[in-house]
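Below are the chains, spelled out letter by letter.
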Amino acid sequence: MGQETSGLARAKEIYQDRGARARELKAEGKQIMGYICLYPPTEMMTALDLVPYRIYGDMREPITKADTVFLIVTCAFIRSYLDLALKGKYDFLDGLVGAHVCDCGEKASHVWRNHIEPPYYHFIDVPHTVHEAAQRFFKGKLKYFKTTLESFAGKELSAEKLKEAIESHNQQRALVRELHDLRKPDPPLISGTETLRVIKALTSVPVEEGNELLREVITEVKERKNGPQKKSARLLVWGSVIDDTALIDMIEDAGANVVMDDTCVGTRAYWEDVKLTDDPLDGLTYHYLVDIKCPRTFREAVYGETKKDHMADLESRFSYLRDYARGWSANGVILQVIKYCDTHGYEVPGLKDYFDSLGLPNTYLEHDYTEGALAPLRTRVQAFLEVIG
Amino acid sequence: MAKEKKRAINRLQSIYPLRALVDERYKRSSEAMKAGKPTAWSMVNWWLPEAILNVMGVETMYPENYGPVCAATGAAESYLNRSDSEGFPTHMCGYARNTLGYSARMMEDLKGEIPPEAPMGGMPRPALLLSSGIMCDARYKWFQALGRYMDAPVWVLELPHPGVEEEAMDGVHEDNINFMVEGLREFVAFLERLVGKKMDWDRLYEAQRDIEEICRVWHETNELRKARPCPMHSRDFWTGMTGGLFPSGNLKELLELYRKTYDEVKYRVDNKVSAIVEEKYRIVFSELPPWHSLGFFDKLAERGWNFVMESWNYHPPIPLDMSGIGDPLERIARFTYQWYAARHPRALQEREYWGFAYGYLDYAKEYKCDGAFLHTLLTCRTASSHLNYLQDMLIRRLKVPSLVVDGDIVDLRLFDPEDVLNKSEAFEETMEHYREERKKEGFDW
Ligand code: SF4
Ligand code: SF4
């Protein structure tokens, strides 16, 4: 994979074969550090010249090996990435950073450690609550992560280096937000599918390379004349991880523009900057534990409240989704959950209550992370689009 | 009397009063709740809140335990349907869906009154939803989702989840304890605000000591099961486990009953009394049993299957020395953390990095098991995700084969006793084969 292409074409190229770029980087002498979900701070890897490389599954590849080590009734995204690892498709990684993201995510990390035996491995415990004691605890965990990462990299992670890395990653966050702004016009200047390809590409290359890619994409998208067509449905998509364009493609194909998302290969990791604190670990702690709004973290309107009000609770947990819907003029919401994803599954009725209270039509889709499972959902999506009108 | 003697499983006589006490407790606290006593619904929280709630006079119900009651009496079906129609995905924990459906029925149809069809007197509406950050995600997401029906606050009790290697790093253990202690301190302060009463710290200390002693005696009782023949069958463990897992009410009375059980098991060891007629196979069991088909174990006992150990996660912590620790919250934290992480150092030595699965390896070795009976609970991923891994680990490391059997926590039809019995017969040959294999490899059983 040379570097001849640029912008959207390049994003597509990396998206289609992200391992190829990783192998190239490795051949150039870089070390590639795999990590699961959003919780291992990528800034710490960047600061030590390691390339953070997010682990994904492949919904187009049948799971054959993972079933011998992980039960079939668990999130197929997890089983899929374990399957790829067991088949040697992640053999270029120099290590893996696992985390207690969700229960099955944690367990899959341990299975990876046992069966793949990567040269470097570290498991980060992430609390479920966000109050001060939990933040102190999580900061402690980042310190331990720093220790093992330094010894693997054979150098010290200085505060200066970490701050520089935070700045680069913040730049990426700002660029991603800018990219999302291009989805505000009607028609949006960039489709949901294209956006997903770009974000997935970002999680496969060094941060500066990603920033360069983003700049190219933003310029190209602003200038091009052949962007998405105007469609009456402008959708916000919420839910479990979407690391393949098939679902978004299907929705856009059915007659909608997906203009905004709240998923973890979308806005979730990019919406807030990491604050530049004296001790950079403080900023990272706050960002990863408090800023990132994944349902795996427990939040409430007021810490330790002795009475609960359902609507106030929903408002405190989901008002950012209202802002997304308004800011991006979404007129419908798709809630999608991978079967057996508990963290997202429990949110569904509450979220429906919330969007109903805003008068936003919404529908729930469940799938098992296979391409084939998406076909029957198409009819549901079409019916939903008719409701939106 | 003659009939009793013929039973394939030789049940412990001391276990029945223990069970009776727990049932009576349940009735008493359910009445106290209905009479207006502050009530918590709690997830299984492995001793984190029990002493605290006990001393603060808060009665506790465990919806995770109410699930099997509803399943066994048939009430679950309508609650599950209700949960589905409320829009909760059907792939989630059956116990959670049962409670969500139950709550929708109680709060929306009946304005807070207990549904008349609810088994065992039902669960009165709570003043507190005490959820848990321990292991499974349902344990806090489910209670958060109950906010749709109830205005009760949700409190999450956290337990760190260290990796096997990370737990061995300098400082991690103490950091984890400190985090738990801080969490417990905040929980006590919250509870004081909620019920308008101050904590009596001396009583808390004493209650915690009682719980530790109950668990120690229960642990020692289970240690005795290493004897050949094994004197106590898993059925007795399951009958007796609730009292130790959710110690409540008069703790000293409870302790006395556990001591009696210890004495009975000890007597059996000294006199070589077996838990089944003739022990041919020693089996370790993983996860919760099919509650509605417990008679199935008698059929296996007739074939010589003795269930000598079961899921570590329903067992008390391995005792640890806490002399000199005067702060009851620190005692609670260390105690629960010990339950979770005590086997990590050994797992690390053996280069096994999945702590949850490792416990069974220890058991299979220590209790000299011929086979493992792994009961998959389809909608409880926490209790099931490790089973394939465990099967692989047991055969790879110890040449102990596993029989994997489908089941569920609420869909009782998934467990088919006849089919499993047929498979068990065939599995005996497998166990015989691996017994030889182990001999060849120099194992001592
Ligand atoms: S999709 Fe859900 S179950 Fe799967 S890794 Fe993400 S949070 Fe965990
Ligand atoms: S999934 Fe299993 S462990 Fe979790 S709440 Fe349900 S029954 Fe309990």
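Being a predicted model, the structure only gives us computed values, none of them experimental.

S.K.: Looking at this model, I keep getting lost on the overall build of chain B. Mind explaining?
M.R.: Helix and strand counts for chain B stand at 18 helices and eight strands. Its C-alpha atoms put chain B at 65 × 50 × 45 Å along the principal axes. Here chain B holds 445 residues, and the buried ones make up 64% of them. In chain B, the share of contacts with a sequence separation of at least 24, taken over all contacts with a separation of at least 6, comes to 78%. Put simply, chain B shows about 16100 Å² of open surface, and 50% of that area lies on carbon and sulfur atoms. Both charge centroids of chain B, one from 57 positive and one from 69 negative side chains, sit 3 Å from each other.

S.K.: What am I meant to see in the site of ligand 1 here?
M.R.: With respect to spatial proximity, the complete set of residues near ligand 1 consists of Cys75(A), Phe77(A), Ile78(A), Cys102(A), Ser240(A), Val241(A), Cys341(A) and Thr343(A). Across the shell around ligand 1, the residue classes break down as six nonpolar, two polar and no charged.

S.K.: When you look at the sheet that holds strand β4 (residues 154–157) of chain B in this model, what are you seeing that I'm missing?
M.R.: Within a beta sheet, neighbouring strands are joined by backbone hydrogen bonds and run either parallel or antiparallel to one another. All names here are of chain B. Spatial ordering of the open sheet is given by β2-β1-β3-β4, a layout of four strands whose pairing is parallel. Two strands bound the open sheet, and with one partner strand each, they are β2 (59–61) and β4. Taken over all neighbouring pairs, the strand axes of this sheet differ in orientation by 30 degrees on average, direction set aside. Relative to β2, strand β1 (residues 39–42) is paired through three bridges, and the arrangement is parallel. Each bridged residue has a counterpart across the sheet, and for Ala-40 the counterpart in β2 is Thr-60. Running at roughly 160 degrees to β4, helix α9 (residues 172–195) makes contact with β3 (128–132) and β4 of the sheet.

S.K.: For this particular structure, what's the right way to read the pattern of salt bridges?
M.R.: Any two side chains of opposite charge can pair, given that their charged atoms come close. Summed over all chains, the structure comprises 89 salt bridges over all chains. Among the salt bridges present, the one from Arg10(A) reaches Glu209(A), with a minimum N-O distance of 3.5 Å. Highlighted residues: Arg10(A) in helix α1 (residues 7–16) and Glu209(A) in helix α9 (residues 207–223), separated in sequence by 199 residues. Look at Glu209(A) and you get buried, because its relative accessible area is 16%. When salt bridges that share partners are traced, they join Asp353(A), Arg82(B), Glu86(B), Arg105(B), Glu108(B), Asp109(B), Glu117(B) and Arg148(B) into one network.

S.K.: Just checking my understanding: could you explain the interface of chain B and chain A for this structure?
M.R.: Accessible area lost on assembly of the parts is the figure often given for the size of an interface. In this complex, chain B contributes 62 residues to the contact, which on the side of chain A involves 65 residues. For the pairing of chain B and chain A, the buried interface totals around 5400 Å² over both sides, and the portion due to carbon and sulfur atoms is 56%. Where chain B touches chain A, the interface holds six salt bridges. Between Arg136(A) and Glu182(B) there is a salt bridge; the shortest N-O distance is 2.2 Å. Run the count over chain B and chain A and you get 31 residue pairs in polar contact (both at pLDDT 80 or more). Where the side of chain B that touches chain A is concerned, the elements lending two or more residues are α6 (94–109), α7 (138–145), β4, α8 (164–167), α9 and α17 (387–398) of chain B.

S.K.: Would you mind going over the layout of surface pockets with me for this structure?
M.R.: A probe as big as a water molecule, rolled over the atoms, marks out the empty space that is left. Residue and element names in this part refer to chain A. Approximately 440 Å³ is the volume attributed to the second largest pocket. Forming the walls of the second largest pocket are 20 residues, and the residues nearest its centre are Gln-16, Arg-18, Gly-57, Asp-58 and Leu-84. Going through the elements one at a time, α1 and α2 (18–27) are the ones with two or more residues in the lining of the second largest pocket. Here the lining of the second largest pocket takes three residues from α2, the largest share from any one element. Of the residues belonging to the lining of the second largest pocket, the class tally is seven nonpolar, three polar and 10 charged.

S.K.: Would you mind going over the packing of helix α4 (residues 63–73) of chain B against α6(B) with me for this structure?
M.R.: Axis angle and axis distance: for two packed helices, these are the angle between their axes and the distance between the axes, and together they describe the pair. All names here are of chain B. Their axes nearest at 8 Å, the elements α4 and α6 cross at an angle of 90 degrees. In terms of orientation, α4 and α6 fall into the roughly perpendicular class. Residues Pro-63, Glu-64, Tyr-66, Gly-67, Pro-68 and Cys-70 of α4 pack against Tyr-95, Asn-98, Thr-99 and Tyr-102 of α6. Here the residues of the contact of α4 with α6 sort into six nonpolar, three polar and one charged.

S.K.: Would you mind going over α2(A) with me for this structure?
M.R.: Residue and element names in this part refer to chain A. Where α2 is concerned, the buried positions are Arg-18, Gly-19, Ala-20, Arg-21, Ala-22 and Leu-25. Against the buried residues of α2 lie α1, β1 (31–35), β2 (50–54), α8 (192–202) and α9. Two residues or fewer after α2 comes Gly-29, characterised by a positive phi angle close to 100 degrees.

S.K.: Which parts of the structure should I look at to understand the site of ligand 2?
M.R.: Neighbouring ligand 2 are the residues Met43(B), Glu64(B), Cys93(B), Tyr95(B), Cys136(B), Ala138(B), Arg139(B), Trp142(B), Cys380(B) and Ile409(B). The element that contributes the greatest number of residues to the shell around ligand 2 is α7(B), accounting for three residues.

S.K.: Would you mind going over the nonpolar core with me for this structure?
M.R.: The tendency in soluble globular proteins is for nonpolar side chains to be buried side by side. Residue and element names in this part refer to chain B. Counting 293 residues, the largest nonpolar core has Ile-52, Trp-142 and Phe-373 as its most contacted members. Here this core gets nine residues from one element, more than from any other, and that element is α9. Once residues within four sequence positions are removed from consideration, Phe-373 is found in contact with Ile-283, Val-284, Phe-285, Ser-286, Phe-296, Leu-300, Trp-305, Phe-307, Leu-403, Val-405 and Val-420.

S.K.: How should I be thinking about the packing of aromatic side chains in this particular structure?
M.R.: Given two aromatic rings, their pairing is described by the distance between the two centres and the angle made by the two planes. All names here are of chain B. Enumeration according to the criterion identifies 49 aromatic pairs over all chains in this entry. Relative to Phe-373, the ring of Phe-285 has its centre 5.5 Å away and its plane inclined at 15 degrees; by these criteria the two rings are stacked. Taken together, the positions of Phe-285 in strand β5 (residues 281–286) and Phe-373 in strand β7 (residues 371–377) put the pair 88 residues apart, joining distant regions of the chain. Residue classification places Phe-285 among the buried residues on the basis of a relative accessible area of 0%. For Phe-373, a relative accessible area of 1% gives the class buried. When the centroid spacing of 6.1 Å and the interplanar angle of 45 degrees are considered together, the rings of Trp-305 and Phe-427 count as tilted.

S.K.: Just to check I follow, could you spell out the sheet that holds strand β8 (residues 402–407) of chain B for this structure?
M.R.: All names here are of chain B. Taken in spatial order, the four strands of this open sheet run β6-β5-β7-β8, and their pairing is parallel. Because the sheet does not close on itself, it has two edges, and the strands there are β6 (305–310) and β8. For this sheet, the mean angle separating the axes of adjacent strands, direction not counted, is 30 degrees. Two elements, β5 and β6, share five bridges in a ladder whose sense is parallel. In the sheet register, Val-284 faces β6, and the bridge partner there is Met-309. Where helix α11 (residues 234–245) meets the sheet, it contacts β5 and β6, and its direction lies at approximately 40 degrees from that of β6.

S.K.: Looking at this structure, how should I read empty space enclosed by the protein?
M.R.: Residues and elements named next belong to chain A. A full pass over the atoms with the stated rule returns 12 cavities of 30 Å³ or more. Within this model, the largest cavity holds a volume of roughly 250 Å³. When residues of the lining of the largest cavity are traced back to their parent elements, those giving at least two are β2, α7 (159–181), α8 and α11 (280–291). In terms of residue class, the lining of the largest cavity is made up of 14 nonpolar, five polar and two charged.

S.K.: Just checking my understanding: could you explain the pairing of β2(A) for this structure?
M.R.: Two faces make up the sheet, and in a regular strand the side chains alternate between them. Residues and elements named next belong to chain A. Among the five residues of β2, five are classified as buried, and the element is accordingly described as predominantly covered. The alternating pattern of β2 places Leu-50, Pro-52 and Arg-54 and Val-51 and Tyr-53 on opposite faces, both of which are buried. With respect to chirality, the unit in which β1 leads through helix α3 (residues 42–47) into the neighbouring parallel β2 is right-handed.

S.K.: Where do I start with unusual backbone geometry in this structure?
M.R.: Trans is the prevailing form of peptide bonds, just as negative phi is the prevailing case for residues other than glycine. Residues and elements named next belong to chain A. Of note, the amide linkage connecting Asp-186 to Pro-187 takes the cis form, showing an omega dihedral of 0 degrees. Structurally, Pro-187 is set in the loop between α7 and α8. Even without being a glycine, Tyr-340 presents a positive backbone phi close to 75 degrees. Mapped onto the elements of the fold, Tyr-340 is located in the loop between β7 (332–338) and α13 (342–345).

Calculation notes
Residues numbered from 1 in each chain as written. Chains lettered and ligands numbered in written order. Predicted model: local features only at pLDDT ≥ 70, side-chain atom pairs only at ≥ 80, totals over all residues. Heavy atoms only, no water. Helix = DSSP H or I, 4+ residues; strand = E, 2+ residues; numbered from the N terminus. Buried < 20%, exposed > 50% of the residue type's maximum accessible area, 1.4 Å probe, protein only. Contact = heavy atoms within 4.5 Å. Areas by Shrake-Rupley, 256 points an atom, 1.4 Å probe, with all protein chains shown as cover. Lys, Arg positive; Asp, Glu negative; His and termini not counted. Charge placed at Lys NZ, Arg CZ, Asp CG, Glu CD. Near = heavy atom within 4 Å. Nonpolar A, V, L, I, M, F, W, Y, C, P; charged D, E, K, R; others polar. Pairing = 2+ DSSP bridges. Axes fitted to C-alpha atoms, helices over the stretch in contact; angles between N-to-C directions. Salt bridge = Lys/Arg side-chain N within 4 Å of Asp/Glu carboxyl O. Buried area = accessible area lost by both parts, 1.4 Å probe. Polar contact = N/O pair within 3.5 Å; in protein donor to acceptor, adjacent residues only side chain to side chain. 1 Å grid on protein atoms, 1.4 Å probe; cavity = no way out; pocket = protein on both sides within 12 Å on 5 of 7 lines; lining within 4 Å. Points joined across faces, edges and corners; volume = space filled by probe spheres on them. Parallel < 35°, antiparallel > 145°, perpendicular 65-115°, else oblique. Core = buried A, V, L, I, M, F, W, Y, C linked by side-chain atoms within 4.5 Å. Phe/Tyr/Trp six-rings, centres within 6.5 Å; stacked < 30°, edge-to-face > 60°. Right-handed = clockwise from strand over helix to strand, strands pointing away.

Purely spatial values, then, with no claim about function.
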